[in-house]
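In case you want the letters, here they are:
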Amino acid sequence: MTSGALRARTWQLLDILADGDFHSGEVLAQHLGVSRASIFNALDGAADCGITVQRVRGRGYRLARAWQPLRRDEILGQLGGDAGLFDIEIVPEADSTNTSLLQRASLGAPGGSVVVAELQRAGRGRLGRTWHSGLGNALTFSLLWRFDRGLNALSGLSLAVGVAIVRALDQAGARGVGLKWPNDIVSEQGKLGGVLIEAQGDMLGPSAVVIGVGLNCHLPGALSKNIDQPACGLDELCAEMPERNRLLALLLRELAAVLRQFGQDGFAPFRGEWERRHLHRDKEIRLCLADGSAVDGIARGAGDGGELLLETVQGMRSFNSGEVGGRR
Ligand code: BTN
C-alpha cells in the first residue's frame, strides 16, 4: 500500500461513512458544499488504499465494512488521570508511525509523545519485514519514551513491552493471548500483533525509544493473504470486541506503567510474567539466525537481559536475536 496520500476530502467522507450506512451522494455533496462529481472523485481514490466503497444507484455510498475512527478526546477521557502523561496526535495516514515519531524525537519531542495512524501505508516490522494493515481494522501507533539510563541498561525492554500489551489485552477481554520471543503478540490462531522498538541515545545515557505497536483488530482475507505466517484478529479472541479508542487507552496506560517501572528496575520484575505468557515455554523450537543458520532446542524462557534461553544438545545457550519458528 504505497500509492499517493488520500485527499483531505476523501478523509472527511470516510469519517462520515464510518457508520457503514448508506449516504446519498446528494446529501454528502450538500454537507461538504461541493458537487456530486467531487464526491464521486474523492471516493474513487479510496480503492487504491484497499478501502471498498460500495455505490448503489438510488441509495448512495457506503463502506463495505464500518469502522470506528479514533478520537483524541475519547482516548484522553479513557486515560483519566494518566492523560497528562501523553501528547497524542492522530493522523489520518502515515507511511510509518515509527519513522515519523523518530523524526520528531530527534527534534526534541517529549517523552509520552504518541503518533497514531488510521491508515499506515508502509508499516515496518522487525527484521526488515513489512507490517500490513488497513483502514480501521488495526491499531498502528508509536510511543516515544525517554530514559535517564543509557541504551546498555535497556536490555529486556522489548519483552517488558510485550508484557504491557498482554496486560492491556486481558483487560480488554481477549482470551488466549500469549507471547512469542521476543515480543510477538500471539494466540493459537497465529500472530495478533507485533512490536518494533527503535532507540536513540548513548550507551551510558540518557536514551529514548520509539515503541511501535501494530495490533490486528480484524483481519480480512485480502490482508491475511499478504502475511507470510498464520495471523489473527482481536475479534477472534474477544466475546465482545473492545471499542478502538478504549483499546488504545488501555494499551497506553499499561505501557506507561511498565515503562516507568522498567526505568527503575529493568526487566527483572517482568520476567516471571513474561515466562508465564510464553507460548513456547518448554517446547521444542527452531531459532533461525541472521546468518541463515538455525539452532534447535527446548525453549527454557528468558534470561535477566531478555535473551532467549535454549536448551540444546550442546547445553544451555542464550540468544539476543533471531526468529523463533516451530521445529521442523
Ligand atoms: C513485527 O512484528 O515485526 C513488528 C511490527 C510493528 C508494527 C508497528 S505498526 C506501528 C509502528 N510503525 C511501524 O512502521 N511499525 C510499527
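Each value, and the rule that gives it
Residues numbered from 1 in each chain as written. Predicted model: local features only at pLDDT ≥ 70, side-chain atom pairs only at ≥ 80, totals over all residues. Heavy atoms only, no water. Helix = DSSP H or I, 4+ residues; strand = E, 2+ residues; numbered from the N terminus. Rg over C-alpha atoms; globule rule 2.2 N^0.38 Å. Buried < 20%, exposed > 50% of the residue type's maximum accessible area, 1.4 Å probe, protein only. Contact = heavy atoms within 4.5 Å. Areas by Shrake-Rupley, 256 points an atom, 1.4 Å probe, with all protein chains shown as cover. Lys, Arg positive; Asp, Glu negative; His and termini not counted. Charge placed at Lys NZ, Arg CZ, Asp CG, Glu CD. Expected span 1.5 Å × (residues − 1). Near = heavy atom within 4 Å. Polar contact = N/O pair within 3.5 Å; in protein donor to acceptor, adjacent residues only side chain to side chain. Nonpolar A, V, L, I, M, F, W, Y, C, P; charged D, E, K, R; others polar. Disulfide = S-S within 2.5 Å. Phe/Tyr/Trp six-rings, centres within 6.5 Å; stacked < 30°, edge-to-face > 60°. Salt bridge = Lys/Arg side-chain N within 4 Å of Asp/Glu carboxyl O. Core = buried A, V, L, I, M, F, W, Y, C linked by side-chain atoms within 4.5 Å. Pairing = 2+ DSSP bridges. Axes fitted to C-alpha atoms, helices over the stretch in contact; angles between N-to-C directions.

S.K.: What exactly am I supposed to notice about the overall build of the protein chain here?
M.R.: On a plain count of helices and strands, the protein chain comes out with 9 helices and 16 strands. Relative to its length of 328 residues, the protein chain is compact, with a C-alpha radius of gyration of 21 Å against a globular reference of 20 Å. With the C-alpha coordinates of the protein chain rotated into their principal frame, the extents come out at 70 × 45 × 35 Å. Per-residue burial for the protein chain yields a buried fraction of 51% across its 328 residues. Across the protein chain, the fraction of contacts at a sequence separation of at least 24, relative to all contacts at a separation of at least 6, is 68%. For the protein chain, the exposed area adds up to about 14900 Å²; of that, 46% sits on carbon and sulfur atoms. Positive and negative side-chain charges of the protein chain, numbering 36 and 37 respectively, have mean locations separated by a distance of 3 Å.

S.K.: What should I look at first to understand helix α8 (residues 244–265) in this one?
M.R.: Since the α-helix turns once every 3.6 residues, residues separated by three or four places project in the same direction. The end-to-end C-alpha distance of α8 is 31 Å, a good match for the 32 Å that 22 residues give at a rise of 1.5 Å each. Just downstream of α8, Gly266 is the residue with a positive phi angle, here 70°.

S.K.: Can you walk me through the site of the ligand in this structure?
M.R.: Close contacts around the ligand come from 20 residues, with Ser96, Gln120, Arg124, Arg126 and Lys191 the closest. Asn98 has a polar backbone atom sitting 3.4 Å from a nitrogen atom of the ligand. Arg124 places a polar main-chain atom, nitrogen or oxygen, 2.7 Å from a nitrogen atom of the ligand. Contact with the protein chains covers 99% of the free accessible surface of the ligand, which is 420 Å². Counting residues per element, the ones that place at least two in the shell around the ligand are α5 (97–106), β5 (123–124), β7 (138–147), β10 (190–201) and β11 (207–216). It is β10 that provides the largest number of residues to the shell around the ligand, a total of 4 residues. Residues belonging to the shell around the ligand are distributed by class as follows: 5 nonpolar, 11 polar and 4 charged.

S.K.: It is not clear to me how the state of the cysteines should be interpreted in this structure. Could you clarify?
M.R.: Should the sulfur atoms of two cysteines be covalently bonded, the bond is a disulfide. The final tally for this structure, using the stated rule, is 0 disulfides. With no disulfide of its own, Cys232 lies closest to Cys238 among cysteine sulfurs, the gap being 10 Å. Cys238 forms no disulfide, and the closest cysteine sulfur to it belongs to Cys217, at a distance of 9.1 Å.

S.K.: Help me understand the packing of aromatic side chains in this model?
M.R.: Aromatic ring pairs: the centre-centre distance and the angle between the two ring planes describe each pair. Here the structure, examined in full by the defined rule, presents 1 aromatic pair. Seen from their ring centres, Phe147 and Phe262 are 6.1 Å apart, and the 70° between their planes marks the pair as edge-to-face. Taken together, the residues Phe147 in strand β7 and Phe262 in helix α8 connect sequence positions 115 residues apart. Owing to a relative accessible area of 4%, Phe147 belongs among the buried residues under this scheme. On the accessibility criterion, Phe262 (0% relative accessible area) is buried.

S.K.: What exactly am I supposed to notice about the pattern of salt bridges here?
M.R.: A pair can form between side chains of opposite charge whenever their charged atoms are brought close. Under the criterion given, the structure shown has 18 salt bridges. Notably, a salt bridge pairs Arg277 with Asp170, separated by 2.8 Å at the nearest N-O pair. Note that Arg277 is positioned in the loop between α9 (268–276) and β12 (284–288) and Asp170 in helix α6 (residues 157–171), a separation of 107 residues in sequence. Here Arg300 ties to Asp282 by a salt bridge, and the two come within 2.8 Å at their closest N and O atoms. With a gap of 18 residues between them, Arg300 in strand β13 (residues 294–302) and Asp282 in the loop between α9 and β12 connect regions that are remote in the sequence. Given a relative accessible area of 47%, Asp282 falls into the partly exposed group. One salt-bridge network, in which partners are shared between bridges, spans Arg126, Arg129, Asp228 and Glu323.

S.K.: Where do I start with the nonpolar core in this structure?
M.R.: General note: in soluble globular proteins, nonpolar side chains tend to be found buried as a group. Ranked by size, the top nonpolar core spans 64 residues in total, and within it Leu139, Phe141, Leu169, Leu192, Leu247, Leu252 and Leu259 carry the most contacts. In terms of residue count, α8 provides more of this core than any other element does, 11 residues in total. Setting aside chain neighbours within four positions, we find Leu169 in contact with Ala174, Val177, Ile185, Leu192, Leu215, Leu234 and Leu247.

S.K.: Sorry if this is basic, but what is going on with unusual backbone geometry here?
M.R.: Cis geometry is found at the peptide bond from Trp181 to Pro182, where omega equals 0°. As for its placement among the helices and strands, Pro182 is situated in the loop between β8 (178–180) and β9 (184–187). The backbone of Asp282 sits at a positive phi, close to 60°, despite the residue not being glycine.

S.K.: Teacher, can you tell me more about the sheet that holds β8 here?
M.R.: Note on sheets: strands pair through backbone hydrogen bonds, and any given pair is parallel or antiparallel. Spatial strand order, β3-β4-β7-β11-β10-β9-β8: 7 strands in an open sheet with mixed pairing. In this open sheet, the two strands that pair with only one neighbour each are β3 (87–94) and β8. Pairwise comparison of adjacent strand axes, ignoring direction, gives a mean angle of 20° for this sheet. Running over the sheet, α5 touches β3, β4 (113–120), β7, β10 and β11 and is turned about 25° from β7.

S.K.: Mind showing me how you'd approach the pairing of strand β14 (residues 308–312) here?
M.R.: Each regular strand displays side chains that alternate between the two surfaces of the sheet. Most of β14 sits out of view: 4 of its 5 residues are buried. The hairpin formed by β13 and β14 contains 5 residues between the paired strands, and Gly306 there has a positive phi angle of roughly 85°. Looking at chain direction, β14 and strand β15 (residues 315–319) are connected through 5 bridges and run antiparallel. When the sheet's bridge partners are listed, Leu308 is paired in β15 with Phe319.

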